Amino acid sequence: MVFGLWHYYSATEDEDFLIKAAPVFVETARYWISRVEYRSDGSINLNGVMGPDEYTCFSNNNAYTNMMASWSLEKTVEVLKHIKKTNENAYSLLKITDEEIGQFHEVAQKLPVLTLDNNIILQCEEFDKFEELDFKKIWIDRKKPLGQFVSQEKCYRSKALKQADVLMLPFLFPNYLNQEELAANYDYYFKYTTHDSSLSSVVHSVLCCRMGHIQDAYDLFLKSLDIDLSEDKAGAAEGIHIANCGGIWQAIVFGFAGMLPCYESRQVSFNPRLPESWKSLKFNMVYRGENYRVQVLPNKVTVERRY
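All values derive from a computational prediction rather than experimental measurement. (Residues numbered from 1 in each chain as written. Predicted model: local features only at pLDDT ≥ 70, side-chain atom pairs only at ≥ 80, totals over all residues. Heavy atoms only, no water.)

Caption draft 1: Expanded view of the pattern of salt bridges. Here the structure, examined in full by the defined rule, presents 14 salt bridges. Between Arg30 and Glu27 there is a salt bridge, with the nearest N and O atoms lying 2.6 Å from each other. Of this pair, Arg30 and Glu27 are both found in helix H2 (residues 15–35), three residues apart, which corresponds to roughly one turn of the helix. Exposure remark for Arg30: the relative accessible area of 24% places this residue in the partly exposed category. One salt bridge connects Glu54 with Lys162, and the closest N-O pair in it is separated by 3.5 Å. Pair noted here: Glu54 is in the loop between strand E2 (44–45) and helix H3 (63–86) and Lys162 is in the loop between helix H7 (152–156) and helix H8 (168–172), with a separation of 108 residues, a long-range link. (Salt bridge = Lys/Arg side-chain N within 4 Å of Asp/Glu carboxyl O. Helix = DSSP H or I, 4+ residues; strand = E, 2+ residues; numbered from the N terminus. Buried < 20%, exposed > 50% of the residue type's maximum accessible area, 1.4 Å probe, protein only.)

Listed below in structure tokens is the structure:
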């Protein structure tokens, strides 16, 4: 929720919206403070969570959850400082104390993102010790989800991901990992990812674009299209997968067009990586109150303001 609110504010710079959203920032931060565990060694941990990967239902210190909680807490501190400076009356209505703000910052700094020695981010505590599955032996029909061939409890204790988890971090934050770190984490987790979730392929497609693996990105993009467009799969028989549709848009704009999200860049920025079969790409967007028409060519991007 907080991430979405900040993304909207970054795209619009709407100060009235930020003031209205501020209580959500504050109450979310208070929730995280109430949710963490303080261990005797002085560490702060977030236990008993399910991260994005729904095949790992109960874990401690999930990297994605910890980082997003930490980001949310730090962003709340930033928002509070901004509102205090620009609108003292709105700030007073939040009834926030300096002690609480200090807690927000402390927890944000101490929530761990665990890693292995080879720069691999651990999905959660002891993920590296989870059971290895012989996918070739167990998953005999790849047209069906892995979950139809393995019991639920076995999925919960195995290195089998329903969808992107750790890889959601570089997906949302393009500057979080350098190219070498991104490639290492992608290679480590991709072999364990089943894509049983409709939310999975588009994330990997965008990351493949950023690594320059355009054919892989395009193949994963087509997999996402098939979820609702394939007549054989009949995926849309009971309604389309709306989140996947949003993901397809993101794969086009943030992947193949290479647009940086507005919370990562103060100006519109593109790094196009079009599939070989695409001659051009066009789309409209609204950025900080202005309407634009974007045309992406293999080595050129034009952005025109629309009146």
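Caption draft 2: Representation of the nonpolar core in the model. Core analysis: the largest hydrophobic core is formed by 89 residues, its most contacted members being Leu172 and Phe283. If one sorts the elements of this core by residue count, H3 sits on top with 11 residues. Once residues within four sequence positions are removed from consideration, Leu172 is found in contact with Phe3, Tyr64, Met68, Pro261 and Tyr263. By size, the runner-up hydrophobic cluster in this structure holds eight residues, among which are Tyr55, Trp139, Leu146 and Cys155. (Core = buried A, V, L, I, M, F, W, Y, C linked by side-chain atoms within 4.5 Å. Contact = heavy atoms within 4.5 Å.)

Caption draft 3: Region of the structure containing the sheet that holds strand E4 (residues 290–297). With respect to topology, three strands assemble into an open sheet ordered E3-E4-E5, the strand pairing being antiparallel. Either end of the sheet is taken by a strand with one partner, and the two such strands are strand E3 (281–287) and strand E5 (300–306). Along the sheet, successive strands turn relative to each other by an average axial angle of 25 degrees, direction set aside. Here E4 runs beside E5; their pairing, made up of seven bridges, is antiparallel. Paired with Asn291 across the strands is Arg306, a residue of E5. (Pairing = 2+ DSSP bridges. Axes fitted to C-alpha atoms, helices over the stretch in contact; angles between N-to-C directions.)

Caption draft 4: Quick peek at the side chain of Glu100. As for its position among the elements, Glu100 is in helix H5 (residues 98–110). Once residues lying within four places of it in the same chain are set aside, the contact partners of Glu100 are Arg30 and Lys95.

Caption draft 5: Summary view of H3. Relative to the 34 Å expected for 24 residues at 1.5 Å per residue, H3 spans 34 Å between its end C-alpha atoms, a close match to the ideal helical length. Counting buried positions along H3 yields 17 of 24 residues, so the element is predominantly enclosed. For H3, the N-terminal capping position is held by Asn62, with its side-chain oxygen 3.2 Å away from the main-chain nitrogen of Tyr64. (Expected span 1.5 Å × (residues − 1). Polar contact = N/O pair within 3.5 Å; in protein donor to acceptor, adjacent residues only side chain to side chain.)

Caption draft 6: Structural context of the packing of helix H10 (residues 201–211) against helix H11 (residues 214–229). The contact between H10 and H11 brings their axes to 8 Å, and the two run at 160 degrees. Taken together, the axis directions place H10 and H11 in an arrangement best described as roughly antiparallel. Considering only the axes of H10 and H11, their crossing is left-handed. Residues Ser201, Val202, His204, Ser205, Cys208 and Cys209 of H10 lie in contact with H11, whose contacting residues are Ile214, Asp216, Ala217, Leu220, Phe221, Lys223 and Ser224. Partitioned by chemical class, the residues of the contact of H10 with H11 number seven nonpolar, four polar and two charged. (Parallel < 35°, antiparallel > 145°, perpendicular 65-115°, else oblique. Left-handed = near helix turned anticlockwise from the far one by under 90°. Nonpolar A, V, L, I, M, F, W, Y, C, P; charged D, E, K, R; others polar.)

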